[in-house]
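# Structural overview for review
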Amino acid sequence: MQNAHERFGSLEFIKRTKDTTTRVRVHIDRAVLEASRDQRGQASAHLISMIGGDSEIGALWAAVTDGALFQIQLPELPNIAASLGPEAQCFRGSVMVPGRKRPAKHLVAVSLCLRN
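To start, this report covers the structure provided alongside it.

The next subject is the overall build of the protein. The helix and strand inventory of the protein stands at two helices and seven strands. In the protein, the order of α-helices and β-strands from amino to carboxyl end is β-β-β-α-β-β-β-β-α. Taken across its 116 residues, the protein has 31% of its residues classed as buried. Here the analysis covers contacts within the protein between residues at least 6 apart in sequence; of these, 50% occur between residues at least 24 apart. In the form shown here, the protein has an accessible surface area of approximately 7900 Å², with 50% of it arising from carbon and sulfur atoms.

Rendered as structure tokens:
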């Protein structure tokens, strides 16, 4: 399949503390989102599948378990602010990519609503 990478979206997480700002960005290949019903315009995410490096996936695992807010950019759509909510679960794995020395890391995050 040619140009499959053009269908990938991106997920960005920014955490600001008193002294530092942490910015993590990874590619997402699947996302199940529910449109916002409140005034803030924040969507509910039910499933996000992301691919990145070891440190990025580790940081996003911690952010998901904390219930953080993510900025999601999907092809040909505006930015979406979304959270998986409290008690989200994560599943991690590795994917060997031909031509790379290290495997790509894969994280699937699932909300509590989808698990029930």
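Take unusual backbone geometry next. The phi torsion at E76 lies on the positive side, around 65 degrees, for a residue other than glycine. Topologically, E76 is positioned in the loop between strand 4 (69-73) and strand 5 (80-83). Residue class for E76 comes out exposed when judged on its relative accessible area of 84%. Positioned with a positive phi, E87 is a non-glycine residue whose angle comes to about 60 degrees.

So, on to the nonpolar core. Across soluble globular proteins, nonpolar side chains have a tendency to be buried as a group. The biggest cluster of nonpolar side chains holds 23 residues, and the ones touching the most others in it are L11, I48, M50, L60, F70 and L84. Among the secondary structure elements, those contributing two or more residues to this core are strand 1 (9-16), strand 2 (21-34), strand 3 (43-52), helix 1 (54-65), strand 4 and strand 7 (104-110). Discounting residues that sit within four places of it in the chain, M50 has contacts with L11, V26, H27, I28, D29, I57, L60, K105, H106, L107 and A109.

Describing an aromatic ring pair means giving the distance of the ring centres and the angle of the ring planes. Tallied over the entire structure, the rule returns one aromatic pair. One Lys or Arg, R92, reaches over the ring of W61 and ends 4.9 Å from the middle of that ring.

By the criterion of burial, strand 7 is predominantly enclosed, with five of the seven residues buried. Here six bridges tie strand 3 to strand 7, and the two strands are oriented antiparallel to one another. Across the sheet, residue S49 finds its bridge partner in strand 7, namely V108. Of the pairings in the sheet, the one linking strand 6 (residues 89-95) to strand 7 comprises seven bridges and is antiparallel in character. Bridge pairing in strand 7 places R92 opposite L107.

Criteria and thresholds
Residues numbered from 1 in each chain as written. Predicted model: local features only at pLDDT ≥ 70, side-chain atom pairs only at ≥ 80, totals over all residues. Heavy atoms only, no water. Helix = DSSP H or I, 4+ residues; strand = E, 2+ residues; numbered from the N terminus. Buried < 20%, exposed > 50% of the residue type's maximum accessible area, 1.4 Å probe, protein only. Contact = heavy atoms within 4.5 Å. Areas by Shrake-Rupley, 256 points an atom, 1.4 Å probe, with all protein chains shown as cover. Core = buried A, V, L, I, M, F, W, Y, C linked by side-chain atoms within 4.5 Å. Phe/Tyr/Trp six-rings, centres within 6.5 Å; stacked < 30°, edge-to-face > 60°. Lys NZ or Arg CZ within 6 Å of the ring centre and 35° of its normal. Pairing = 2+ DSSP bridges.

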